[in-house]
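What follows is each chain in one-letter form.
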Amino acid sequence: MSTLIAIGYPDETTATAAGDEAERLAKDLIIQPDAIAVIRRDVNGHYHVTTNHHAVAGGTAYGMFWGLLFGMLFFIPVFGMAVGAGLGALMGKMTKTGIDKQFQEQVRDMVQPGTSALFLVIEQATPDRAIDAMSKYG
């Protein structure tokens, strides 16, 4: 079972650096991520999303997952996903998968203009080593 983790940062650049560290940790087999995404919100309030998902783990599926998640959390279409009945049905399915309202509100509050966040879908991790490596980013 995978775990979704969201970590917020008070500036626009730290999430990208933390995402790079997560990639390094994956290469060192400290974490086993299914997907990694960074969302940055510039001072004008515009969202910028960067993802790095592994094709073997279903890259297309994670593209839709991130689009759905960020669309649901921030009310923005990501990756050109169509807005309409299809998106509504998918968002309904997403809500049933366990992303509760409190998590949604926390993430919305976390990503304000001038900030960023790192999102990880992790299958397995060596917690003490992962936390130690990621702690330098806050």
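Our subject is the structure listed above.
Remember, it's a predicted structure, so these values are computed and weren't measured experimentally.

K.L.:
Go over the nonpolar core with me, naming the residues and quoting the values.
P.N.:
Counting 16 residues, the largest nonpolar core has Tyr 9, Leu 25, Ile 31, Leu 118, Leu 120 and Met 134 as the members making the most contacts within it. Counting only elements with at least two residues in this core, the list comes to helix H1 (14–27), strand S2 (31–41), strand S4 (115–125) and helix H5 (127–134). Tallying contributions element by element places H1 first for this core, with five residues. Contact partners of Leu 25, with chain neighbours within four places excluded, come to Ile 30, Ile 31, Ala 130, Ala 133 and Met 134. Counting eight residues, the second largest nonpolar core, distinct from the first, contains Ile 39, Phe 103, Val 111 and Phe 119.

K.L.:
Give a detailed account of H1, specifying residues and quantitative values.
P.N.:
Side chains that are three or four residues apart share a direction in an α-helix, a result of its 3.6 residues per turn. Taking 1.5 Å of rise per residue, 14 residues should cover 20 Å, and H1 covers 20 Å from first to last C-alpha, within 8% of that figure. One or two residues past the end of H1 sits Leu 29, with phi positive at roughly 65 degrees.

K.L.:
An account of the environment of Arg 41 is requested, with residue identities and associated values reported.
P.N.:
Along the chain, Arg 41 falls in strand S2. Spatially, the C-alpha atom of Arg 41 lies 5.6 Å from that of Thr 115, the residues being 74 residues apart in sequence. The contact partners of Arg 41, leaving out residues within four places of it in the chain, are Glu 12, His 46, Tyr 47, Val 111, Gln 112, Pro 113, Gly 114 and Thr 115. A polar contact of 3.4 Å, which involves the side chain of Arg 41, links it to the side chain of Tyr 47.

K.L.:
Explain the pairing of S2 residue by residue, including any values.
P.N.:
Regular strands place their side chains on alternate faces of the sheet. Taking burial as the measure, the 11 residues of S2 include nine buried ones, the bulk of the element. Here 10 bridges tie S2 to S4, and the two strands are oriented antiparallel to one another. Paired with Pro 33 across the bridge in S4 is Ile 122.

About the thresholds
Residues numbered from 1 in each chain as written. Predicted model: local features only at pLDDT ≥ 70, side-chain atom pairs only at ≥ 80, totals over all residues. Heavy atoms only, no water. Core = buried A, V, L, I, M, F, W, Y, C linked by side-chain atoms within 4.5 Å. Buried < 20%, exposed > 50% of the residue type's maximum accessible area, 1.4 Å probe, protein only. Helix = DSSP H or I, 4+ residues; strand = E, 2+ residues; numbered from the N terminus. Contact = heavy atoms within 4.5 Å. Expected span 1.5 Å × (residues − 1). Polar contact = N/O pair within 3.5 Å; in protein donor to acceptor, adjacent residues only side chain to side chain. Pairing = 2+ DSSP bridges.

By themselves, these figures tell us nothing about what the structure is for.
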